[in-house]
Amino acid sequence: MTGSDSDLPGEVVALIHRSLPSMVHIEMLLLLHRTAPRAWTAEQAAMELRSSPELVVATIADLLAARLAEPEPGSTLVRLRAEDDLTMAAVVALKEVYDRRPVTLIKALYRRPAASVQAFADAFRLR
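Sequence order as written defines residue numbering, which begins from 1 separately in each chain. In keeping with the model being predicted, local features are shown solely for residues with a pLDDT of at least 70 and side-chain atom pairs are shown and tallied solely at 80 or more, while totals for entire chains, interfaces and linings include all residues. Values reported for side chains reflect all heavy atoms of the structure, with hydrogen atoms and water molecules removed beforehand.

Trainee: What is the right way to read the overall build of the protein from this model?
Mentor: Along the protein, the regular secondary structure elements total seven helices and two strands. Helices and strands in the protein line up, N terminus first, as α-α-α-α-β-β-α-α-α. When burial is assessed residue by residue, the protein has 36% of its 127 residues classed as buried. Contact between two residues is taken to exist if any of their heavy atoms lie within 4.5 Å; hydrogens are not considered. Considering only residue pairs separated by 6 or more positions, the protein has 63% of its internal contacts joining residues 24 or more positions apart. Here the protein has roughly 7,600 Å² of accessible surface; of this, 59% comes from carbon and sulfur atoms. For helices the rule is a DSSP run of H or I covering at least 4 residues; for strands it is a run of E covering at least 2, with both sets numbered from the N terminus onward. When accessible area is computed with a 1.4 Å probe and restricted to protein chains, residues below 20% of their type maximum are described as buried, those above 50% as exposed, and intermediate ones as partly exposed. Accessibility throughout is a Shrake-Rupley quantity obtained with a 1.4 Å probe, and a residue counts as covered only by protein chains that appear here.

Trainee: Would you take a moment to explain the packing of helix α1 (residues 10-19) against helix α5 (residues 85-100) for this structure?
Mentor: For helices, the fitted line uses only the C-alpha atoms of the stretch in contact; every axis is such a line through C-alpha atoms, and the angle between N-to-C directions lies from 0 to 180 degrees. Interhelical geometry of α1 versus α5 gives an angle of 95° and a closest axis separation of 8 Å. Here α1 lies roughly perpendicular to α5, going by the angle between them. From α1, E11, V12 and L15 reach across to α5, where they touch A90, V91, A93, L94 and V97. Here the residues of the contact of α1 with α5 are counted per class, giving seven nonpolar, no polar and one charged. Each angle gets one of four labels, with under 35 degrees taken as roughly parallel, over 145 as roughly antiparallel, 65 to 115 as roughly perpendicular, and the rest as oblique. Residue polarity is assigned by list, with Asp, Glu, Lys and Arg as charged and Ala, Val, Leu, Ile, Met, Phe, Trp, Tyr, Cys and Pro as nonpolar; anything else, Gly included, falls into the polar class.

Trainee: Would you mind going over the environment of A108 with me for this structure?
Mentor: Position of A108 relative to the elements: it lies in helix α6 (residues 102-110). Note on A108: relative accessible area 1%, which makes it buried. For the pair A108 and L8, spaced 100 residues apart in the sequence, the C-alpha separation amounts to 8.4 Å.

Trainee: Quick question: what am I supposed to make of the nonpolar core here?
Mentor: The nonpolar side chains of a soluble globular protein tend to be buried with one another. Core analysis: the biggest nonpolar cluster contains 34 residues, and M28, L29 and L94 have the highest contact counts within it. Broken down by element, the residue count for this core peaks at seven residues, all from helix α2 (residues 23-35). If we ignore the near neighbours within four places in the chain, the residues touching L94 are V12, L15, L20, I26, L29, L30 and L105. To qualify as a nonpolar core, a set must consist of buried Ala, Val, Leu, Ile, Met, Phe, Trp, Tyr and Cys residues joined through side-chain atoms within 4.5 Å.

Trainee: Could you clarify how one ought to interpret helix α3 (residues 42-49) in this entry?
Mentor: Each α-helix turn comprises 3.6 residues. Residues three or four places apart therefore point the same way. For α3, every residue scored as buried is listed here: A42, A45, A46 and L49. Along the axis of α3, the buried residues cluster in a sector spanning 105°; they form a single face. Those residues of α3 that are buried lie in contact with α2 and α4 (53-65). Directly beyond the C-terminal end of α3, a positive phi value near 55° is found at R50. Regarding the arc, it is the one traced by the directions from the helix axis to the C-beta atoms.

Rendered as structure tokens:
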């Protein structure tokens, strides 16, 4: 195994490139997936992930913006947004890669295009 992006399912690579810029993002998404339909506060998630609350707050904001998580109305709780079957299939595949091939996942994460480069490339994508 070379550990290239081609070693990962396409939907996992796409999910990483589109919405998951760090391991904290991956771990937060997998926490929401693993415990669904439970909702979490940033503080609870930070304790569970052994991360800083500030970092988890920023991560949750990114997952909300990416429509991978949703707020619980009238509270500070957040949960997995499970509306899209294709996205959920990608999350399941991500969990499998996370559990079985973490080094390959980390390498793919760090080969993720920078946001500004990706935005430029997306500007030329045919729709």
